[in-house]
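# Understanding the architecture of this molecule
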Amino acid sequence: MMRIPFIAGNWKMNTTVHEAEELVHDMLERLDRIEGVEKVLCPPFISLPTISELLKGSSIKLGAQNMHFEIKGAYTGEISPLMLRKLCQFVILGHSERRWYFGESDKIVNKKIKAAIENGLKPILCVGERLEEKEAGRTEEVIDKQVNRGLNNIKPTRNIVIAYEPVWAIGTGKAASAEQAAATINFIRNTVSKLWSKDIAQELRILYGGSITSSNIAQFIPQPEIDGALVGGASLRAEEFLSIVSQTAAIKGISLPAERGKL
């Protein structure tokens, strides 16, 4: 089956509101014209309202970088799905920086995924092994646990994206090989197939993330199992991100349903 390619830019803790506006202005018109790929920008929370307005009427979607699993309450500094659902369509959950720097467990990630789906947000679930786990030959063991625990007791749904992001490749300039990434993504798809069903597993988009640039994206996108990329640092440079999206469209772009103007 044909899965619509998916490219998301994770800006992480970068850009002021003004800088975010400038970055979007630098690529909005050209990015909007690229067809055959679902395009998502994930700026910091403070820029979501501004960027949401800028993207209205375009083909570009918006995502948040994280959220709490409760709707409201005494959780100082947190953002709830209720606050996000009118601003964006996607939310990144389980990113390795959240897991390792802030101690988020698979159980917490699972609760966030449930809350996102219940509030009409589409989760981008991140999974990936650390360097020591890779070197110990535990990649599949780690990925299996993260996928099964992350999706535990969640009804099968096509409204989720999974991103394989090996921790050792994020921000290091050392991307996985295309073959290794494709093999691990195939393992993830098989894991989802066992947990949910083969049909749904075949429909889910599974991305690669980790030191993706305009220079190496063409190595990954031709792989049948890789449906796109979660892009970090390269998404902060307009020309770089545009090149990544346009190369993806040229290699794997397919006809998209008419959604222009729908946010």
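Residues numbered from 1 in each chain as written. Predicted model: local features only at pLDDT ≥ 70, side-chain atom pairs only at ≥ 80, totals over all residues. Heavy atoms only, no water.

### Section: the overall build of the protein
Keep this limit in mind: Secondary structure elements are taken from DSSP: a helix is a run of H or I of four residues or more, a strand is a run of E of two residues or more, and numbering for both begins at the N terminus. We compute the radius of gyration over the C-alpha atoms and compare it with the globule rule, which gives 2.2 Å times the number of residues raised to the power 0.38. Only protein chains enter the area calculation, which uses a 1.4 Å probe; residues under 20% of their type maximum are buried, those over 50% are exposed, and those in between are partly exposed. When checking whether two residues touch, look at their non-hydrogen atoms; a contact exists if any pair is within 4.5 Å. Under the convention used here, a 1.4 Å probe and the Shrake-Rupley method define accessible areas, while residue burial counts only the protein chains that appear. Residues scored as positive are Lys and Arg, those scored as negative are Asp and Glu, and His as well as the terminal groups of each chain are ignored. The atoms used to mark charge sites are NZ of Lys, CZ of Arg, CG of Asp and CD of Glu.
Broken down by element type, the protein carries 11 helices and 8 strands. Its C-alpha atoms give the protein a radius of gyration of 17 Å, near enough to 18 Å, the size a compact globule of 263 residues would have. With the C-alpha coordinates of the protein rotated into their principal frame, the extents come out at 45 × 45 × 35 Å. Each of the 263 residues in the protein was classed as buried or not, and the buried ones make up 53%. For the protein, the share of sequence-separated contacts (at least 6 apart) that also reach a separation of at least 24 residues comes to 74%. Carbon and sulfur atoms provide 50% of the accessible area of the protein, an area that totals close to 12,000 Å². Mean positive and mean negative side-chain charge positions of the protein (33 and 31 charges, respectively) differ by 6 Å.

### Structural notes on the packing of helix α1 (residues 17-33) against helix α11 (residues 238-252)
As a reminder of what qualifies: Axes, fitted as lines to C-alpha atoms, cover a helix only where it is in contact. Angles between the N-to-C directions of the axes lie from 0 to 180 degrees. Oblique is the label for any angle not covered by the other classes, which are roughly parallel (under 35 degrees), roughly antiparallel (over 145) and roughly perpendicular (65 to 115). For any pair of crossing helices, the crossing counts as left-handed if the nearer helix is rotated counterclockwise from the farther one by less than a right angle, and right-handed if it is rotated clockwise. Amino acids are sorted into nonpolar (Ala, Val, Leu, Ile, Met, Phe, Trp, Tyr, Cys and Pro), charged (Asp, Glu, Lys and Arg) and polar (every other residue, Gly among them).
Where α1 meets α11, the axes come as close as 9 Å, and the angle between the chain directions of the two elements is 25°. Comparing the axis directions of α1 and α11 gives the class roughly parallel. The chirality of how α1 crosses α11 is right-handed. Facing α1, whose interface residues are L23, D26, M27, R30 and L31, α11 presents A238, E239, F241, L242 and V245. Looking at the contact of α1 with α11 residue by residue, the class counts come to 7 nonpolar, no polar and 3 charged.

### Some points on the environment of P5
Within the element layout of this structure, P5 appears in the segment before β1 (6-10). Separated by 63 residues in sequence, P5 and H68 have C-alpha atoms that sit 28 Å apart. Apart from residues lying up to four places away in sequence, P5 is in contact with G36, V37, E38, R205, D227, T248, K252, G253 and I254.

### Some words on the pattern of salt bridges
Rules: Salt bridges are defined by distance alone: a side-chain nitrogen of Lys or Arg within 4 Å of a carboxyl oxygen of Asp or Glu.
Using the criterion set out here, one finds 17 salt bridges in the structure. Close ionic contact of R33 with E29 constitutes a salt bridge, the shortest N to O distance being 3.2 Å. Of the two residues, R33 and E29 both sit in helix α1, 4 residues apart, roughly one turn of that helix. Residue class for R33 comes out exposed when judged on its relative accessible area of 53%. A relative accessible area of 59% means that E29 is categorised as exposed. A salt bridge links R205 to E38, with the nearest nitrogen and oxygen atoms 2.7 Å apart. Residue R205 is found in strand β7 (residues 205-208), and its partner E38 is found in strand β2 (residues 38-42); the two are separated by 167 residues along the sequence. The exposure class assigned to R205 is buried, which follows from its relative accessible area of 14%.

### A short note on the pairing of strand β6 (residues 161-164)
Using the following cut-off: We call two strands paired when DSSP finds no fewer than two bridges between them.
Burial along β6 is two-sided: V161 and A163 and I162 and Y164, pointing in opposite directions, are all buried. In terms of strand pairing, β6 meets β7 through 4 bridges, oriented parallel. The residue of β7 that forms the bridge with V161 is R205.

### Topic: helix α8 (residues 178-195)
Inclusion rule: Expected helix span is computed as 1.5 Å times (number of residues minus one).
For α8, spanning 18 residues, the distance from its first C-alpha to its last is 26 Å, which sits close to the expected 26 Å at 1.5 Å a residue. Buried residues along α8 sit in contact with β5 (122-127), α7 (139-150), β6, α9 (198-203), β7 and α10 (217-220).

### Let's talk about α1
The following threshold applies: To get the bend at a given residue, fit one axis to the seven residues ending there, fit another to the seven starting there, and take the angle between those axes.
Helix length check: α1, at 17 residues, gives a terminal C-alpha distance of 24 Å against a target of 24 Å (1.5 Å per residue), a fit within 8%. In α1, a bend of some 50° at M27 exceeds every other bend along the element. Turning to α1, its buried residues number three or more, namely A20, L23, V24, M27, L28, L31 and D32.

### As for the pairing of β5
Every regular strand shows the same layout, with side chains that alternate between the two sheet faces. Among the 6 residues of β5, 5 are classified as buried, and the element is accordingly described as predominantly covered. Relative to β5, strand β4 (residues 90-93) is paired through 4 bridges, and the arrangement is parallel. Looking at β5, one finds that V91 is bridged to P123. As paired strands, β5 and β6 are joined by 4 bridges and run parallel to one another. Bridge pairing in β6 links L125 to I162.

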